Amino acid sequence: MSRPLPKAGRYALRAASLAIALGVWQLLTSLDIDLWLRFSQFPTVTDVASAFADRLSGPDYWTDLTDSLTRILTGFLLAAVLGVATGVLIARSRLAEDLLGPVLEVVRPIPAIALVPVAILLFPSNEQGIVFITFTAAFFPVLVSTRHAVRALTPVWEEAVLTMGGGRWRILASVVLPGALPGIFGGLSVGIGVSWICVISAEMISGQYGVGYRTWQDYTVVNYAGVFVGMVTIGVLGWVTSTAVELLGRRLTRWLPRTSYVGGRTPRRARDTSAAVPVSPRTKEGIPHDQLV
């Protein structure tokens, strides 16, 4: 049975895996390996690093970065608010489900990138159309995850609030939203990734500035090193934003029990402290430790 690696060892292992991948890339491209895949057509790691350094020293890179991040954050925040609100409404109201459900289910399978012509015709500027595409890409994952999370809640919790005199808004604030948070953040994590895919595609088609627009421009002028600069930038931005959503979700759901996986061992779950509450010999009811005399 292997011992678990310390945190520093895990980070070192991750860095080593990335270094190995880059080393294999450099080896295949520098030797012009052509078996079935044509690595001779790829730029080397050093070529991409040199192009990256040149791009960082110019103003266009930071303008593209700012534009893409602005589009992503605007569309994603709108999708998060409206997706959660619509998901809760559909899950809690049969009337809303009957009115909105059929329309949303018909639109949901349509890829967001297929709505680019609609966005061009509908909105007066390309900027607003790209934000619309980003919003649409993130809206449906958030909506579906929220709807399923709310419907999966235990009815006993709601009944307990009603017994104590709580109303609909109290149930929403104390039971529905906190109980559905894990599912909501699952949808947000999926939505932010899909948003990056769609915003880059939309920028390639109808954008002016942006990482996707610049990547497509590099491809049209056969600047493959510049294409890989755009790809690396997209990957890093997607990883950073997804990690931010995940960390926010963990912070807001700290009350949930966590499972810590140890290599080669059975997963350890958070200890159930309910059985550790002492029982008063007079009342036979559990009372917290800090209230014991």
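How each quantity is defined
- Along each chain, residue indices are assigned from 1 in the same order as the chain's sequence is written.
- In keeping with the model being predicted, local features are shown solely for residues with a pLDDT of at least 70 and side-chain atom pairs are shown and tallied solely at 80 or more, while totals for entire chains, interfaces and linings include all residues.
- With hydrogens and water excluded, all non-hydrogen atoms of the structure serve as input to the side-chain values.
- Under the scheme used here, helices are H or I runs from DSSP no shorter than 4 residues and strands are E runs no shorter than 2 residues, and both carry numbers assigned from the N terminus.
- Summary of the burial criterion: residues with accessible area below 20% of their type's maximum are buried, those above 50% are exposed, and those between are partly exposed, where the area comes from a 1.4 Å probe applied to protein chains only.
- Throughout, a residue-residue contact means that at least one pair of heavy atoms, one from each residue, lies within 4.5 Å.
- Accessible surface area values rest on a Shrake-Rupley calculation with a 1.4 Å probe, where residue burial reflects the displayed protein chains alone.
- Any pair of nitrogen or oxygen atoms within 3.5 Å is treated as a polar contact; in protein, a donor-acceptor pairing is required on top of that, and neighbouring residues in sequence qualify only through side-chain atoms on both sides.
- Only buried residues count toward a nonpolar core, which is a set of Ala, Val, Leu, Ile, Met, Phe, Trp, Tyr and Cys residues joined through side-chain atoms within 4.5 Å.
- Each salt bridge in this description consists of a side-chain nitrogen of Lys or Arg and a carboxyl oxygen of Asp or Glu lying within 4 Å of one another.
- Pairing of aromatic rings covers Phe, Tyr and Trp, the last through its six-membered ring, and needs centres within 6.5 Å; plane angles under 30 degrees mean stacked, over 60 mean edge-to-face, and all others mean tilted.
- Like-charged residues within 9 Å of one another, or nonpolar side chains (Val, Leu, Ile, Met, Phe, Trp, Tyr) within 5 Å, are grouped into patches, provided each residue has over 30% relative accessible area and no salt bridge.
- Note: the arc covers the axis-to-C-beta directions of the helix.
- Only the contacting stretch of a helix is used when fitting its axis, a line to C-alpha atoms as for every element, and angles between N-to-C directions run 0 to 180 degrees.
- Our angle categories are set so that under 35 degrees counts as roughly parallel, over 145 as roughly antiparallel, 65 to 115 as roughly perpendicular, and the remainder as oblique.
- The sense of a crossing depends on the near helix, which, turned anticlockwise from the far helix by less than a right angle, makes the crossing left-handed and, turned clockwise, makes it right-handed.
- When residue character is reported, Ala, Val, Leu, Ile, Met, Phe, Trp, Tyr, Cys and Pro are called nonpolar, Asp, Glu, Lys and Arg charged, and the others, Gly included, polar.

Caption draft 1: Up close: the overall build of the chain. The secondary structure content of the chain amounts to 10 helices and 2 strands. Taken from the N to the C terminus, the helices and strands of the chain come in the order α-α-α-α-α-α-α-α-α-α-β-β. Across the 293 residues that make up the chain, the buried fraction comes to 32%. For the chain, contacts bridging at least 24 residues in sequence account for 65% of all contacts bridging at least 6. As presented, the chain carries roughly 18,900 Å² of accessible surface, and 65% of it is formed by carbon and sulfur atoms.

Caption draft 2: Structural context of the side chain of Thr134. Residue placement: Thr134 occurs in helix α6 (residues 126–151). Since its relative accessible area comes to 0%, Thr134 is described here as buried. At 3.0 Å, the side chain of Thr134 and the backbone oxygen of Ile130 are in polar contact. Excluding its chain neighbours within four sequence positions, the residues that come into contact with Thr134 are Arg71, Ile72, Gly75, Phe76, Ser195 and Val199.

Caption draft 3: Seen up close, the nonpolar core. In this structure, Ile133, Phe139, Leu188 and Trp196 are the most contacted members of the largest nonpolar core, which totals 51 residues. Residue assignment for this core shows that the elements contributing at least two residues are α2 (45–56), α3 (59–92), α5 (116–122), α6, α8 (168–206) and α10 (224–252). Examining the composition of this core, we find that 14 residues originate from one element, α8, more than from any other.

Caption draft 4: Just the pattern of salt bridges, in detail. Enumeration according to the criterion identifies 8 salt bridges in this entry. For Arg55, the salt bridge goes to Asp218, with nearest N and O atoms at 3.0 Å. Of the two residues, Arg55 is situated in helix α2 and Asp218 in helix α9 (residues 211–220); the sequence distance between them amounts to 163 residues. Relative accessible area serves as the criterion here: at 18%, Arg55 is assigned to the buried category.

Caption draft 5: Looking closely at the packing of aromatic side chains. Taken as a whole and judged by the stated rule, the model has 10 aromatic pairs. Here the aromatic rings of Trp216 and Tyr219 are separated by 5.4 Å at their centres, their planes lie at 35°, and the arrangement is tilted. You can see Trp216 and its partner Tyr219 sitting in helix α9, 3 residues apart, about one turn around the helix. For Trp216, a relative accessible area of 37% puts it in the partly exposed group. Taken together through their ring pairs, the aromatic side chains of Trp25, Phe39, Phe42 and Phe228 make up a single cluster.

Caption draft 6: Spatial organisation of unusual backbone geometry. Here Asp32, not a glycine, exhibits a phi torsion of approximately 55°, which is positive. Here the phi dihedral of Val222 falls at roughly 60°; this positive angle occurs in a residue that is not glycine. Inspection of the secondary structure puts Val222 in the loop between α9 and α10. Judged by relative accessible area, Val222 falls into the exposed class, the value being 54%.

Caption draft 7: Local environment of a nonpolar patch on the surface. A cluster of nonpolar side chains, namely Leu89, Leu95, Leu99 and Leu100, defines an oily patch on the protein surface of about 390 Å² accessible area. Broken down by element, the residue count for the nonpolar patch peaks at 3 residues, all from helix α4 (residues 94–107). Mapped onto the elements, Leu99 comes out in helix α4. Owing to a relative accessible area of 58%, Leu99 belongs among the exposed residues under this scheme.

Caption draft 8: A look at the environment of Val144. Checked against the element boundaries, Val144 lands in helix α6. Residues Val144 and Ile184 lie 40 residues apart in sequence; the distance between their C-alpha atoms is 8.9 Å.

Caption draft 9: Quick peek at α9. Here α9 has its buried residues at Val211, Gly212, Arg214, Thr215 and Asp218. End-on view of α9: buried residues confined to an arc of 165°, all on one side of the axis. Turning to α9, the residues buried within the fold contact α2, α3, α8 and α10. Two residues or fewer past α9, Val222 is found with a positive phi of approximately 60°.

Caption draft 10: A look at the packing of α9 against α10. Where α9 meets α10, the closest approach of the two axes is 7 Å, and the angle between their N-to-C directions is 160°. Judged on the interaxial angle alone, α10 and α9 are roughly antiparallel. In the packing of α9 onto α10, the handedness of the crossing is left-handed. Here α9 contributes Val211, Thr215, Asp218 and Tyr219 to the contact with α10, which in turn contributes Tyr224, Gly226, Val227, Gly230, Thr233, Ile234 and Leu237. The class makeup of the residues in the contact of α9 with α10 is 6 nonpolar, 4 polar and 1 charged.

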